[in-house]
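Each chain, letter by letter, is given below.
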Amino acid sequence: MKYVVVSGGVVSGLGKGVTASSIGLILKSCGFRVTAIKIDPYLNIDAGTMSPIEHGEVYVLDDGGEVDLDLGNYERFMDIKLTSENNITTGKVYKHVLEKERKGDYLGKTVQVVPHITDAIQEWIERAARIPVDGQSTPADVCVIELGGTIGDIESMPFINALGQFSYRVGSENFCLIHVSLVPVLNVVGEQKTKPTQHSVRDLRGLGLSPNILACRSAKPLEDNVKAKLSQFCQVPMENVVTLYDCPNIWHIPLLLKEQKAHEAILRVLNLTGVAKEPALEEWSLMAKMSDKLHVPVKIAVVGKYTELLDSYLSVHKALLHASVARRKKLVIDWISASELEQEAKKENPDAYKAAWKLLKGADGILVPGGFGNRGVQGKMLAAKYARENKVPYLGICLGMQLAVIEYARTVLGLQDANSTELDRNTKNPCVVFMPEGSKTHMGGTMRLGSRRTYFQAKDSKSAKLCFRYGNRSFVDERHRHRYEVNPAMVPRLESAGLTFPGKDESGQRMEIVELPNHPFYVGAQFHPEYKSRPGKPSPLRSHHIRFLALHVCLKVKNLFSWCRTNWSGLWRARQRTATKLPRNNCLASSVQWETRESLLERRSEEASQCCIQFMLMNVSCIKDDFSLKNSCSILGFLFNMDFFTCGGRETKGVQFEDLAFFYETGFVKTKKKNIKHKQVLLYLCLL
């Protein structure tokens, strides 16, 4: 097993988590199987009882572990499934050692930080690194370890000491230390300053660890003389000093590391140069560049309780981003504090009240995420009511689903005192109740946590159709984190009033999904779909939420590359038939029959099987002559983010407008017209 440790110096918040995730992604693209561990020096057993405002969101794993948000970054970048063992805290380690002491495992010895705590840390690292996280049965090749906190913090000392011992134990060819530090620029001087990094490395060496690679955070790329200075004073080879300068989005960080050959430095230290492949990050690169070039906006109003710290909803933000990029839309999030939508805010702070409602009413869609406690509850229900009455797409998650049910009971059923027993223990109409298996005396780790299965009760529901599209299944496995649930006794009354519950657990008594059939998109989920969303693999619920906000919903292609190779002759014949009246090499078709996914599905199967959706390249000279058919098809296959469906026994495929805006921007298509609105080059292929 090879180990890559990422530490941080000077200040916190430099992006160690993103750096560690990016390193894992690059090593995975080199052909290695990768796992990850996060070390958090705080005394808490886990992150479950921490306030999101203080520590950011609590990320939930498949096994129910409540962990630091950085593990979410690891899972999203590396596309792996971690366990609670992959998050080490001081609280966990001390609890483990003290339990062993109580059992007499130390044979009467004096239990001390060194060697007992440090030995326990090393054993935990080795044990967690051996857990398969990529669906295979054997351990990974490389383990990326992020040491939380900043070098010099007193709570980090046992972990640094343990890592020093660990590096000696596993050998220098199996241990690579990357130190993330800050190179600031003083406005008065305008010069990149290396002294903070020098001092940080000096402190690290004083604790028994020497960095192999320096990853320097700065606003701009490091100048060569600055790199040389850091190399000299920190005793790190100049080629091992890399810059992590500010980028448009974090998807560029792996590309930044690759450009500076950071992966080669890591492979040299770990003696893996001979067995590594060249990093294959073409799809990741296209996705990162495409995200920057999207210009058709979609506005989402996120109505939450903890909006003062956006890391409180980090997974929600990332899942929305994945969905918007997949739909070729530029994501614009309006963060709205739920309290500012309430009547009390109208009296106390009328300006904030007006601004909040203006944002809500200007949004293309509304999302109410999970949360706990009374603050902001009325504002969230008002947001749900506005979305329901005005046919605005709505997605409620966990508490957001529960409040949608309560609002419906109050407004439609006329039960003005309908509530959750979490918010009002004495309510006469409890729509949401405490789960019987929950603990009322202990808070940590006592909720309904982890991956649970939801079964679809009706195949014609929106949520069921989404799952059928993403695998033709009658169930979905999603992660949960809640103590309260929709009251099963209230379900018949709610259903009789028009609300449906198409998703339930295996017992059929626990409501997992709520929908409003006569609404374009009004869905609530008891689970958290954001935790399993990945770049290029958005959560179905969030992706469909974004899809409903789009101005046009288009047919998509599932494997355009292989399809075009086998059907190119048909495409060429169609081009010859439809382009006779147009200049040579100017377009592929002269007429367009445009259909949305919904209208096509509604057509009779006989008509649909005869349907020929034509696509046209308008006022465009040809695809570059030196751009081969194979390359063009493979890029189209990626850009159009494939997905099959069958109509009338035949596969029907198509392409979105926005895909070609990016296709034009990359230069693979040229146009003779100089002023095309939004640079929208509409490429249509005739798909038979």
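Structure's up top.
Within every chain, residues take consecutive numbers counted from 1 along the sequence as written. Under the rules for a predicted model, residues below a pLDDT of 70 receive no local features and side-chain atom pairs below 80 are neither given nor counted, while totals for whole chains, interfaces and linings still include all residues. To get the side-chain values, all heavy atoms of the structure are used, and hydrogens and water are removed first.

Of the regular secondary structure elements, the protein holds 24 helices and 23 strands. Only protein chains enter the accessibility calculation, which uses a 1.4 Å probe; a residue whose area is less than 20% of its type maximum is buried, one above 50% is exposed, and one in between is partly exposed. In the protein, which comprises 688 residues, the proportion classed as buried is 57%. Here a strand is any run of E in DSSP of at least two residues, a helix any run of H or I of at least four, and the numbering for each starts at the N terminus.

This paragraph deals with the pattern of salt bridges. Any Lys or Arg side-chain nitrogen found within 4 Å of a carboxyl oxygen on Asp or Glu counts as a salt bridge. One pass over the structure, following the stated rule, counts 24 salt bridges. Of the charged contacts, one joins Arg453 and Asp477 as a salt bridge, the two residues approaching to 2.8 Å between their closest N and O atoms. Here Asp477 lies in strand E17 (residues 475–482) and Arg453 lies in strand E16 (residues 448–456), a separation of 24 residues in the sequence. Overlapping salt bridges bring together Asp62, Glu75, Asp79, Lys81, Arg479, Arg534 and Lys537 as one network.

Now for the pairing of strand E8 (residues 213–218). Burial analysis of E8 places five of its six residues in the buried class, which makes it a mostly covered element. Two strands are said to pair when DSSP picks up at least two bridges between them. As paired strands, strand E7 (residues 175–182) and E8 are joined by five bridges and run parallel to one another. Bridge pairing in E8 links Ser181 to Cys216. Of the crossover connections in this fold, the one passing from E7 over helix H7 (residues 195–206) to the parallel E8 is right-handed. Examined bridge by bridge, E8 and strand E9 (residues 241–245) share five bridges and lie parallel to one another. From the neighbouring strand, Ala215 faces E9, where its bridge partner is Val242. The handedness of the E8 to E9 crossover, carried by helix H8 (residues 224–234), is right-handed. A crossover gets the label right-handed when its path from the first strand over the helix to the second runs clockwise, viewed with the strands pointing away from the viewer.

Here we come to the environment of Gly64. Position of Gly64 among the secondary structure elements: in the loop between strand E3 (59–60) and strand E4 (66–67). For Gly64, a relative accessible area of 13% puts it in the buried group. A sequence separation of 385 residues divides Gly64 from Leu449, and the C-alpha atoms of the two residues are 4.5 Å apart. Throughout, a contact is declared for two residues whenever any of their heavy atoms are within 4.5 Å. Once you skip the residues sitting within four places of it in the chain, Gly64 turns out to touch Leu449 and Gly450.

Axis angles are defined between N-to-C directions and span 0 to 180 degrees, where every axis is a line fitted to C-alpha atoms and, for a helix, only to the segment in contact. One way to put it is that H7 packs onto H8 with a least axis distance of 10 Å and a crossing angle of 25 degrees. The angle between H7 and H8 falls in the class roughly parallel. As for how H7 packs across H8, the hand of that crossing is right-handed. Within the contact between the two elements, H7 uses Thr197, Gln198, Val201 and Arg205 and H8 uses Lys229, Leu230, Phe233 and Cys234. Asp, Glu, Lys and Arg are counted as charged, while Ala, Val, Leu, Ile, Met, Phe, Trp, Tyr, Cys and Pro are counted as nonpolar; the rest, among them Gly, fall into the polar class. Partitioning the contact of H7 with H8 into residue classes produces four nonpolar, two polar and two charged. Throughout, the term roughly parallel applies to angles under 35 degrees, roughly antiparallel to angles over 145, roughly perpendicular to angles from 65 to 115, and oblique to all others. Here a crossing is taken to be left-handed if its near helix is turned anticlockwise relative to the far helix by less than a right angle, and right-handed if that turn runs clockwise.

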